[in-house]
Amino acid sequence: MVDDSTRKTLSSIPLLQIRAGPREKDVWVQRLKEEYQALIKYVENNKQSGSDWFRLESNKEGTKWFGKCWYMHNLLKYEFDVEFDIPVTYPTTAPEIALPELDGKTAKMYRGGKICLTDHFKPLWARNVPKFGIAHAMALGLAPWLAVEVPDLIEKGIITYKEK
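All values reported here derive from a predicted model rather than from experimental measurement. (Residues numbered from 1 in each chain as written. Predicted model: local features only at pLDDT ≥ 70, side-chain atom pairs only at ≥ 80, totals over all residues. Heavy atoms only, no water.)

S.K.: Before we go on, may I ask you to explain helix H2 (residues 25–48) in this structure?
M.R.: Given 3.6 residues per turn, any residue in an α-helix points the same way as the ones three and four places further on. Taking 1.5 Å of rise per residue, 24 residues should cover 34 Å, and H2 covers 35 Å from first to last C-alpha, within 8% of that figure. Looking at H2, one finds that the buried residues are Trp28, Arg31, Leu32, Glu34, Glu35, Ala38, Leu39, Tyr42, Val43, Asn45 and Asn46. Of the surrounding elements, those touching the buried residues of H2 are helix H1 (4–12), strand S1 (54–58), strand S2 (64–73) and helix H4 (134–155). Once H2 ends, the next one or two residues include Gly50, with phi positive near 75°. (Helix = DSSP H or I, 4+ residues; strand = E, 2+ residues; numbered from the N terminus. Expected span 1.5 Å × (residues − 1). Buried < 20%, exposed > 50% of the residue type's maximum accessible area, 1.4 Å probe, protein only. Contact = heavy atoms within 4.5 Å.)

Laid out in structure tokens, this is it:
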């Protein structure tokens, strides 16, 4: 079900232990530390393997996240804004990752540019609460979505390369 590359990526991202969301103010700070540690490790691993593909930052409370993600296709870099809020029921509920500029350009997206993760990612997330966090959502949610959808959107001429 999971290929070797995904298994390797997943095994290199630290699992989280603290079960807390934004409503549990004291414990949320500890959960956020775990989230940042996992994200830092994931980004470091990506850089070492030459597959660096996103940048994220959050507001002070760690409830709103934003940044850039990119996908390389035929040696061209397609870059997108990425954003999501941490649900109040987090970590039981996975974040809904949005790529606003792709809103309405694919059927595998909800209003506001939220990518569709219902069939494949959300059941996996549910089985791994509270061990999965933001890094896991990026690796197992957004990365595969980009790998499937971006080449398709490019081939259909829906998105085009923009010089920087």
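Here the narrative resumes, following the displayed structure.
S.K.: I tried to follow the environment of Leu56 on my own but got confused; where do I start?
M.R.: Counting through the fold element by element, Leu56 comes out in strand S1. Sequence separation of Leu56 and Ile134 is 78 residues, and the distance between their C-alpha atoms is 10.0 Å. Other than its neighbours up to four places away in sequence, Leu56 contacts Leu39, Trp65, Phe66, Gly67, Val82, Phe84, Ile134 and Met138.

S.K.: Mind showing me how you'd approach the sheet that holds S1 here?
M.R.: Sheet strands pair by backbone hydrogen bonding; their relative direction is either parallel or antiparallel. Here we have three strands laid out as an open sheet, ordered S1-S2-S3, and antiparallel in their pairing. This sheet does not close on itself; its edge strands, each paired only once, are S1 and strand S3 (76–85). With strand direction ignored, the average angle separating the axes of adjacent strands in the sheet is 15°. Bridging between S1 and S2 involves five bridges; their strand directions are antiparallel. Within S2, the residue paired with Ser58 across the bridge is Trp65. H2 contacts S1 and S2 of the sheet and is inclined by roughly 165° relative to S1. (Pairing = 2+ DSSP bridges. Axes fitted to C-alpha atoms, helices over the stretch in contact; angles between N-to-C directions.)

S.K.: Explain the packing of aromatic side chains here, please?
M.R.: The geometry of an aromatic ring pair comes down to the distance between the two centres and the angle between the two planes. The full count for this structure, using the stated rule, is nine aromatic pairs. Taking the centre distance of 6.0 Å and the plane angle of 90° together, the rings of Trp28 and Tyr90 count as edge-to-face. Here the residue Trp28 occupies a position in helix H2, and Tyr90 occupies one in the loop between S3 and strand S4 (109–110), the gap between them amounting to 62 residues. Summarising the burial analysis for this pair, Trp28 and Tyr90 share the class buried. (Phe/Tyr/Trp six-rings, centres within 6.5 Å; stacked < 30°, edge-to-face > 60°.)

S.K.: When you look at the pattern of salt bridges in this model, what are you seeing that I'm missing?
M.R.: It is possible for side chains of opposite charge to pair when their charged atoms get near one another. Per the counting criterion, the structure on display carries nine salt bridges. In this structure, Lys77 engages Glu79 in a salt bridge whose closest nitrogen and oxygen atoms are separated by 4.0 Å. Taking the relative accessible area as the measure of exposure, Lys77 reaches 36% and is therefore partly exposed. The class for Glu79 is partly exposed, based on a relative accessible area of 26%. Note that Glu96 is salt-bridged to Lys114, the shortest N-O span being 3.3 Å. Taken together, the residues Glu96 in the loop between S3 and S4 and Lys114 in strand S5 (residues 114–115) connect sequence positions 18 residues apart. Connected through salt bridges with shared partners, the residues Glu96, Lys114 and Lys122 form a single ionic network. (Salt bridge = Lys/Arg side-chain N within 4 Å of Asp/Glu carboxyl O.)

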